[in-house]
Amino acid sequence: MLNSPEKVKVKPSQKKNKKVARERDLFKKNYLHACESLLSLMVDKRRQRKTAILSLKKSGPELPELLTQFSAGIAGTGLAVLLSVICKLACGRGVPFCAYKLLNTGFGFGLVWLSWAVNKLRDTIVSMNKNTGKLGLKDEEMIQKVDKSLREVYFRAATLLAVAVLRLA
């Protein structure tokens, strides 16, 4: 009775699986598309903004998850830099307030500050996705809010780059 009809499992046909895979929404569960949407917003200046906003609206939770991971990684690195400065100060190695330690502290705080801007960009995108079906924000307002958040990320990254250059010089 090992081969009774009740215990035999029938596999679905391969044609049906391929058809379902083709019909699947390409915007869902695709981190590559989330990165592409974010990069198109960052690189494209006014050319295809509406297309990028539309793809952001259709993107699932992957883009906010990706931005959360970026933000956490940046903040974690900043906290590690700050903790290393604190440990060196606690151990009493070298001069307590030398320029190098001050610049390292500034670099650590700058990373946390940049993380805050990336998190704010994530919040902007999440709020844009929540207001998609409602009579809330229009496309132009959404573009302006995302642009403002991106400019803030750019400014903080440029400031952090200046601190890093000073630190290495």
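Residues numbered from 1 in each chain as written. Predicted model: local features only at pLDDT ≥ 70, side-chain atom pairs only at ≥ 80, totals over all residues. Heavy atoms only, no water.

Draft legend 1. Quick look at the environment of Leu114. By the secondary structure assignment, Leu114 is in helix H5 (residues 99-130). Of the residues examined, Leu114 reaches a relative accessible area of 11% and is grouped as buried. In this structure the C-alpha to C-alpha distance between Leu114 and Val153, which are 39 residues apart in sequence, comes to 6.5 Å. Not counting the four nearest positions on each side in its chain, Leu114 is found in contact with Ile74, Val153, Arg156, Ala157 and Leu160. (Helix = DSSP H or I, 4+ residues; strand = E, 2+ residues; numbered from the N terminus. Buried < 20%, exposed > 50% of the residue type's maximum accessible area, 1.4 Å probe, protein only. Contact = heavy atoms within 4.5 Å.)

Draft legend 2. Fine view of the pattern of salt bridges. One pass over the full model with this rule turns up three salt bridges. In this structure, the salt-bridge partner of Glu152 is Lys120, at a minimum N-O distance of 3.5 Å. In this pair, Glu152 is assigned in helix H6 (residues 139-168) and Lys120 in helix H5, connecting sequence segments 32 residues apart. Note on Lys120: relative accessible area 39%, which makes it partly exposed. A salt bridge links Arg122 to Asp123; the nearest nitrogen and oxygen atoms lie 2.9 Å apart. Several salt bridges converge on common partners, so that one network encompasses Lys120, Glu152 and Arg156. (Salt bridge = Lys/Arg side-chain N within 4 Å of Asp/Glu carboxyl O.)

Draft legend 3. View of the packing of H5 against H6. Taken N-terminus to C-terminus, the directions of H5 and H6 make an angle of 165 degrees; their axes are 9 Å apart at the nearest point. One finds that H5 runs roughly antiparallel with respect to H6. The hand of the H5/H6 crossing is left-handed. Among the residues making up the contact of H5 with H6, the classes are represented as 21 nonpolar, six polar and five charged. (Axes fitted to C-alpha atoms, helices over the stretch in contact; angles between N-to-C directions. Parallel < 35°, antiparallel > 145°, perpendicular 65-115°, else oblique. Left-handed = near helix turned anticlockwise from the far one by under 90°. Nonpolar A, V, L, I, M, F, W, Y, C, P; charged D, E, K, R; others polar.)

Draft legend 4. A look at the packing of helix H4 (residues 62-91) against H5. Where H4 contacts H5, the two axes come as close as 8 Å, and the packing angle between them is 165 degrees. The angle between H4 and H5 falls in the class roughly antiparallel. Considering only the axes of H4 and H5, their crossing is left-handed. In terms of residue class, the contact of H4 with H5 is made up of 20 nonpolar, nine polar and three charged.

Draft legend 5. The confidence of the model for the protein chain, seen in detail. With 73% of its residues at a pLDDT of 70 or more, the protein chain has an overall mean of 78. When mean pLDDT is taken per element in the protein chain, H4 scores highest with 91 and helix H1 (residues 14-23) scores lowest with 53. (pLDDT = per-residue confidence, 0-100.)

Draft legend 6. Main features of the packing of aromatic side chains. Across all of its chains, the model carries one aromatic pair by this definition. An angle of 80 degrees between the planes, with centres 5.9 Å apart, marks the rings of Trp113 and Phe155 as edge-to-face. One end of the pair, Trp113, is in helix H5; the other, Phe155, is in helix H6, with 42 residues separating them in the sequence. Overall, the relative accessible area of 29% leaves Trp113 in the partly exposed class. Its guanidinium or amino end placed over the ring of Phe107, Arg167 lies 4.8 Å from that ring's centre, counting from NZ or CZ. (Phe/Tyr/Trp six-rings, centres within 6.5 Å; stacked < 30°, edge-to-face > 60°. Lys NZ or Arg CZ within 6 Å of the ring centre and 35° of its normal.)

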